[in-house]
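Each chain is listed here by its residues.
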Amino acid sequence: MEVSVWDTYVPRQDGKVMHFDILVPSTLTDTDVIFAFGKHYLSSKTFMTGELSVNECKFCHMQEAPLAVVENIEKDGYYIIEMENCS
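What you see is a predicted model, and the numbers here were worked out from it, not measured in a lab. (Residues numbered from 1 in each chain as written. Predicted model: local features only at pLDDT ≥ 70, side-chain atom pairs only at ≥ 80, totals over all residues. Heavy atoms only, no water.)

(A) Spatial organisation of the overall build of the protein. What the protein contains, in helices and strands, is two helices and four strands. In the protein, the succession of α and β elements from N to C terminus is β-β-α-β-α-β. The C-alpha atoms of the protein give a radius of gyration of 12 Å, which matches the 12 Å a tight globule of 87 residues would have. Across its three principal directions, the C-alpha atoms of the protein cover 35 × 25 × 15 Å. Every one of the 87 residues in the protein was classed for burial, and the buried ones make up 37%. (Helix = DSSP H or I, 4+ residues; strand = E, 2+ residues; numbered from the N terminus. Rg over C-alpha atoms; globule rule 2.2 N^0.38 Å. Buried < 20%, exposed > 50% of the residue type's maximum accessible area, 1.4 Å probe, protein only.)

Set out below in structure tokens:
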């Protein structure tokens, strides 16, 4: 499956900046849906974060996804890769 990678930086209340990627099927182009996935992910965190909007989340590139990512996307619609300050 080809996926779109959305590079995302969201400020945390403690001053750190979370960096994570939102992976979605390449056929999904509705930014409202993509941002909703990111907001759902942020709501799972135990700390407060800033808002997620077009200013924090940008399309980066497309790539082939490994099987584990594909399975998660088929189940949830998206996959998150945590990069920095996500826990």
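(B) Seen up close, unusual backbone geometry. Backbone geometry at N85 places phi at a positive 55°, although glycine is not the residue there. Mapped onto the fold, N85 is located in the segment after β4 (79–84).

(C) A look at the packing of aromatic side chains. Applying the stated criterion across every chain yields a total of four aromatic pairs. Summarising the aromatic geometry, the rings of W6 and F59 are spaced 5.8 Å apart at their centres and angled 70° between planes, so their arrangement reads as edge-to-face. With W6 in strand β1 (residues 2–11) and F59 in strand β3 (residues 57–64), this pair connects stretches of sequence that are 53 residues apart. On the basis of relative accessible area, W6 is assigned to the buried category, the value being 10%. Each ring, one from F20 and one from Y41, has its centre 4.7 Å from the other, and the planes form 55°; the classification is tilted. One end of the pair, F20, is in strand β2 (residues 17–25); the other, Y41, is in helix α1 (residues 31–43), with 21 residues separating them in the sequence. Here F20 and Y41 have matching classes, each one buried. Three or more aromatic residues joined by ring pairs form one cluster here, namely W6, F35 and F59. Seen from the ring of F47, R12 lies directly overhead, with NZ or CZ sitting 4.0 Å from the centre. (Phe/Tyr/Trp six-rings, centres within 6.5 Å; stacked < 30°, edge-to-face > 60°. Lys NZ or Arg CZ within 6 Å of the ring centre and 35° of its normal.)

(D) Structural context of the sheet that holds β1. Spatial ordering of the open sheet is given by β3-β1-β2-β4, a layout of four strands whose pairing is antiparallel. Whereas interior strands pair on both sides, the edge strands pair on one side only; in this sheet they are β3 and β4. In this sheet, adjacent strand axes meet at a mean angle of 25° when their direction is disregarded. Both β1 and β3 contribute to a ladder of seven bridges, which runs antiparallel. If you follow D7 over to β3, its bridge partner there is K58. α1 rests against β1, β2, β3 and β4 of the sheet, and its axis sits at about 130° to β2. (Pairing = 2+ DSSP bridges. Axes fitted to C-alpha atoms, helices over the stretch in contact; angles between N-to-C directions. Contact = heavy atoms within 4.5 Å.)

Keep in mind that these numbers describe shape and distance, not what the molecule does.
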